[in-house]
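Structural overview
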Amino acid sequence: MKNRGIYYSVVILVTVVWLSGCGIFSLHPLYKSSDLMVKNELIGTWMSFDEDELAVIIDSAEQSKYEFTMIDGEDTVAFEMGLIKLNNQHFIDLYPLEDCNFPSGGNCDMMELLVKNYIPIHTFMKLDYENGSLVLTEFDNERLIDLFANNRIRLPHEMINEDEYVVITASTDELQKFISRYANDAEAFNEPSKYHRL
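Residues numbered from 1 in each chain as written. Predicted model: local features only at pLDDT ≥ 70, side-chain atom pairs only at ≥ 80, totals over all residues. Heavy atoms only, no water.

**So, the pattern of salt bridges**
The criterion, for reference: What counts as a salt bridge is simple: a side-chain nitrogen of Lys or Arg found within 4 Å of a carboxyl oxygen of Asp or Glu. Type-normalised accessible area, obtained with a 1.4 Å probe on protein chains alone, sets the label of each residue: buried when under 20%, exposed when over 50%, and partly exposed for intermediate values. Numbering of helices and strands starts at the N terminus; helices are DSSP runs of H or I of at least 4 residues and strands are runs of E of at least 2.
The full count for this structure, using the stated rule, is 5 salt bridges. The partner of Glu-41 in a salt bridge is Lys-39, with the nearest N and O atoms 3.1 Å apart. Lys-39 sits in the buried class, given a relative accessible area of 18%. Among the ionic pairs, Lys-65 bridges to Glu-80, the shortest N-O distance being 3.4 Å. With Lys-65 in the loop between strand 3 (54–60) and strand 4 (66–72) and Glu-80 in strand 5 (residues 75–86), this residue pair connects regions lying 15 residues apart in the sequence. You can call Lys-65 buried: its relative accessible area is 17%. Linked by salt bridges that have partners in common, Arg-143, Asp-185 and Glu-187 make up one network.

**A look at the confidence of the model for the protein**
As a reminder, the rule being used: Summary of the metric used: pLDDT quantifies the predictor's per-residue confidence within the range 0 to 100. Throughout, a residue-residue contact means that at least one pair of heavy atoms, one from each residue, lies within 4.5 Å.
Of the residues in the protein, 77% reach a pLDDT of 70 or more, and the chain-wide mean stands at 82. Contacts of residues 10–21 to residues separated by more than four positions or lying in other chains number 32 contacts, the stretch itself having pLDDT below 50. Every residue in residues 100–106 scores below 50 in pLDDT, and together they form 19 contacts with partners more than four places removed in sequence or on other chains.

See the structure below:
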């Protein structure tokens, strides 16, 4: 039952975000409250350089967190966002908000089957702010799966949907050590996505 719930959580994230099988999914957050950072220059509306209808809105929230909203055409989804610095790199932790809207007009309350199996999942990305542009870089999910499959990463996890996704079950401390290890490894990440401010 636990794996089934995790699977539906990953399906929700993959459906509503541009991750499409990329990135790191975790049951636990990447940060502790004392780790959170505030960078006011991130607040605003950002448009993708590559996709005309893809936008990100970052707004301030309580307790040194942000609200991260992604708009892709008519579809909108909102996350709670935490910002943290590990090994001289910034990372964001995205966690779905309860009032999120799903594609095709659905929402959290209406998707009864998914809600019954829903376990909120954290996902992480590298964040850079370069020359006035917002740069988000996803982890390479295929490489992550390969590292787990060959026992090159020893971290508590679950393989989901015939090894299509990895859901890490490690503690926040273990996660931080793991992310720090790969923070500057270019092969651990996909190509960055760049956004310009509106």
